[in-house]
Amino acid sequence: MTTEDFSGFGLAEPLISALQKAKFTEPTPIQQQAIPAQLEGRDILGVAQTGTGKTAAFGLPILHHILGMQGRATPGCCRALVLAPTRELAVQIKDNFRVFADGAPVSTALILGGVARSGQVRAVKRGVDVIIATPGRLIDLMDDGVVHLDETRFVVLDEADRMLDMGFVQPVRKIVAALHPKRQSALFSATMPPEVRSLAESFLKDPLRVEVAPQATVIPKIEQRAELLDGPAKRGRLRDILNGEGVERTIVFARTKRGADRLGQNLVRDGIPAEVIHGNKMQNARQKALGKFRQGIVKTLVATDIVARGIDVPGITHVINYDLPDEAENYVHRIGRTGRNGAEGVAITLCAKDELPKLRAVEKIIGTELIPRVAGEPTKAKPRKRPGRPQRSAQPGAGRKPKQAAGDAPPKRNRRRRKPARPSAQAR
């Protein structure tokens, strides 16, 4: 089925009015395929990159069905559940639902970690139409008896491959097991590894597969280039790029949380205002940083792969990979933050020599050589050292503590005076 505008789907009138108000006109390919099938009650298995209109593809049918239901949601329950891997994506999905249901009598609640539980508990106790949640906090509220999913008739797993990468496979399976057996389900994923395929087979019933682009496809309007340089030279090169012409709004990706903090501090020292986002920051701080970036108060956002998917900020002109990702597929998601909605974008990768194996893995996925082969190039990435664990020598018994010989004096212990325990919070 194809339609030139959203009115051709037969959606409820409040949704059509809200879409017209928000200037949503022509449905995207994934919306063309997924919306009619879900209106008919089909399960969906969607393979699509971020930025293809997935939220409307599953959100509009859910809202249409809820508007046709009688009464209110049972206290402590929800009619629909959307699971997202990151807090930022969950917040964005809720914002989109508000736009789609503008003026319609549909209640939504956001359940995620990093913020106080009290407001979330109050919202769910009243009963809510749609819960948008991250798995960890939702499991906590389920275990405490606050949330019950036995009446949930619609469920969506968004960015399923990312969810599994983050270790949420068991929480997701526990959540799915608590849902109403007669439900309509949708699973969306940018890639389809065996783990996601297995989850889909256990989760979906006779799903319609919707695939709007080949997996790991790079948006054509993104200009990609990479520069080979020594690691210490990256800081100065990044400063030059950010001070260059045409660089308006930029995301700089770092590999680790500590590296992102250090990079943000260096940019501020170099006279470039920047905000930093990563998983160790409190949710309020993350939303504040993202808000400043979205509003243009700061034009540079330093981030880990936590914002590599699902974050839609208009006007991002550049994405800079200060560090190459450990997973080559994340490169595609990173640079997909620019070149959105038909705009052009630039993706620049700063590659140290020891990162060349990671770059070659990226090139294999995108089918493009970004840096010509160089003499003496390493062919395999060095294994990452685990912090706190000494590297074992290849020699048998190396690194072990030598046994004390007979007659040796026992080693002296460095006894430190133990500090008195701090009083508990209640005592204080």
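Owing to the predicted nature of the structure, the values given are computational and were not obtained by experimental measurement.

**Q** What exactly am I supposed to notice about the overall build of the chain here?
**A** Helix and strand content of the chain: 14 helices and 13 strands. Counting only residues that meet the buried cut, the chain has 50% of its 428 residues in that class. Long-range pairs, those at least 24 residues apart, make up 74% of the contacts in the chain with a sequence separation of at least 6.

**Q** In this structure, what is going on with the packing of aromatic side chains? I would like to understand it.
**A** Aromatic rings considered in pairs are described by the distance between their centres and by the relative angle of their planes. All chains considered together, the criterion is met by five aromatic pairs. Each ring, one from F24 and one from F100, has its centre 5.8 Å from the other, and the planes form 80°; the classification is edge-to-face. Separated by 76 residues along the polypeptide, F24 in the loop between α1 (13–21) and α2 (29–39) and F100 in helix α4 (residues 87–100) bring together distant segments of the chain. Among the residues examined, F24 registers a relative accessible area of 32% and is labelled partly exposed. Three or more aromatic residues joined by ring pairs make a cluster, and in this case those are F24, F58, F97, F100 and F188. For the cation-ring pair, K234 lies above Y322, with the distance from its terminal atom to the ring centre recorded as 5.5 Å. Cation over ring: R249 sits above F293, and NZ or CZ is 5.9 Å from the ring centre.

**Q** Would you mind showing me how to read the nonpolar core here?
**A** Across soluble globular proteins, nonpolar side chains show a tendency to be buried alongside one another. In terms of nonpolar packing, the biggest core is built from 40 residues, with L11, L60, I62, I93, F97 and V130 touching the most fellow members. Among the elements that make up this core, the one with the highest residue count is helix α3 (residues 54–67) (seven residues). If sequence neighbours within four positions are ignored, L11 has contacts with F6, I16, L19, I35, L39, L60 and H64.

**Q** In this structure, what is going on with the environment of Y331? I would like to understand it.
**A** Positionally, Y331 belongs in helix α13 (residues 329–335). The spacing of Y331 and A308 is 23 residues in sequence and 8.4 Å in space, taken between C-alpha atoms. Those residues in contact with Y331 that lie beyond four places of it in its chain are Q224, N321, P325, T349, V362, I366 and L370.

**Q** Just checking my understanding: could you explain the sheet that holds strand β2 (residues 78–83) for this structure?
**A** Working definition: the strands of a sheet are paired by backbone hydrogen bonds and lie parallel or antiparallel to each other. In spatial order, the strands read β3-β4-β2-β5-β6-β1-β7; together these seven strands make up an open sheet with parallel pairing. Of all the strands in the sheet, the pair left with one neighbour each is β3 (108–111) and β7 (208–211). Ignoring which end each strand starts from, the neighbouring axes of this sheet average 15° apart. As paired strands, β2 and strand β4 (residues 128–133) are joined by five bridges and run parallel to one another. The residue of β4 that forms the bridge with C78 is V128. The sheet strands contacting α4 are β2, β3 and β4, and the helix crosses β3 at an angle near 175°.

**Q** Got a minute to help me understand the side chain of H180 in this structure?
**A** Summarising the element assignment, H180 is placed in the loop between α8 (169–177) and β6 (184–189). At a separation of 3.0 Å, a polar atom in the side chain of H180 contacts the main-chain amide nitrogen of K182. Ignoring sequence-local partners within four residues, the contact set of H180 consists of L149, D150, E151, T152 and R153.

**Q** What is the right way to read the pattern of salt bridges from this model?
**A** Working definition: two side chains of opposite charge can pair if their charged atoms are close together. Throughout the structure, instances matching the rule amount to 20 salt bridges. The shortest N-O distance in the salt bridge between E223 and R225 comes to 3.0 Å. A relative accessible area of 44% places E223 in the partly exposed class. Between E248 and K299 there is a salt bridge, and its shortest N-O distance comes to 3.8 Å. Placement of E248 in the loop between α10 (234–242) and β9 (250–253) and of K299 in the loop between α12 (283–295) and β11 (300–303) is noted, with a sequence separation of 51 residues between them. Here the salt bridges do not stand alone but share partners, grouping K54, D158 and E159 into one network.

**Q** Before we go on, may I ask you to explain the sheet that holds strand β10 (residues 275–277) in this structure?
**A** Taken together, the six strands give an open sheet; going across it, the order is β8-β13-β12-β9-β11-β10, and neighbouring strands pair in parallel fashion. Only two strands of the sheet have a single neighbouring strand rather than two, namely β8 (222–228) and β10. Taking each pair of neighbouring strands and ignoring which way they run, the sheet shows an average axis angle of 20°. Against the sheet, helix α11 (residues 257–269) contacts β9, β10 and β11, and its axis sits at roughly 155° relative to β11. Along the sheet, α12 contacts β9, β10 and β11; its crossing angle with β10, the most-contacted strand, is approximately 130°.

**Q** Mind showing me how you'd approach the environment of E40 here?
**A** Residue position: E40 is located in the loop between α2 and β1 (44–47). Taking relative accessible area as the criterion, E40 reaches 67% and is therefore assigned exposed. Sequence separation between E40 and P61 is 21 residues; the distance between their C-alpha atoms is 9.3 Å.

**Q** Please clarify how the pairing of β2 should be interpreted in this entry.
**A** Sheet faces and side chains relate simply in a regular strand, where the side chains alternate between the two faces. Within β2, six of the six residues are buried, which leaves it mostly tucked inside the rest of the structure. With four bridges connecting them, β2 and strand β5 (residues 154–157) associate as parallel partners. Looking at β5, one finds that V82 is bridged to V156.

Parameters at a glance
- Residues numbered from 1 in each chain as written.
- Predicted model: local features only at pLDDT ≥ 70, side-chain atom pairs only at ≥ 80, totals over all residues.
- Heavy atoms only, no water.
- Helix = DSSP H or I, 4+ residues; strand = E, 2+ residues; numbered from the N terminus.
- Buried < 20%, exposed > 50% of the residue type's maximum accessible area, 1.4 Å probe, protein only.
- Contact = heavy atoms within 4.5 Å.
- Phe/Tyr/Trp six-rings, centres within 6.5 Å; stacked < 30°, edge-to-face > 60°.
- Lys NZ or Arg CZ within 6 Å of the ring centre and 35° of its normal.
- Core = buried A, V, L, I, M, F, W, Y, C linked by side-chain atoms within 4.5 Å.
- Pairing = 2+ DSSP bridges.
- Axes fitted to C-alpha atoms, helices over the stretch in contact; angles between N-to-C directions.
- Polar contact = N/O pair within 3.5 Å; in protein donor to acceptor, adjacent residues only side chain to side chain.
- Salt bridge = Lys/Arg side-chain N within 4 Å of Asp/Glu carboxyl O.

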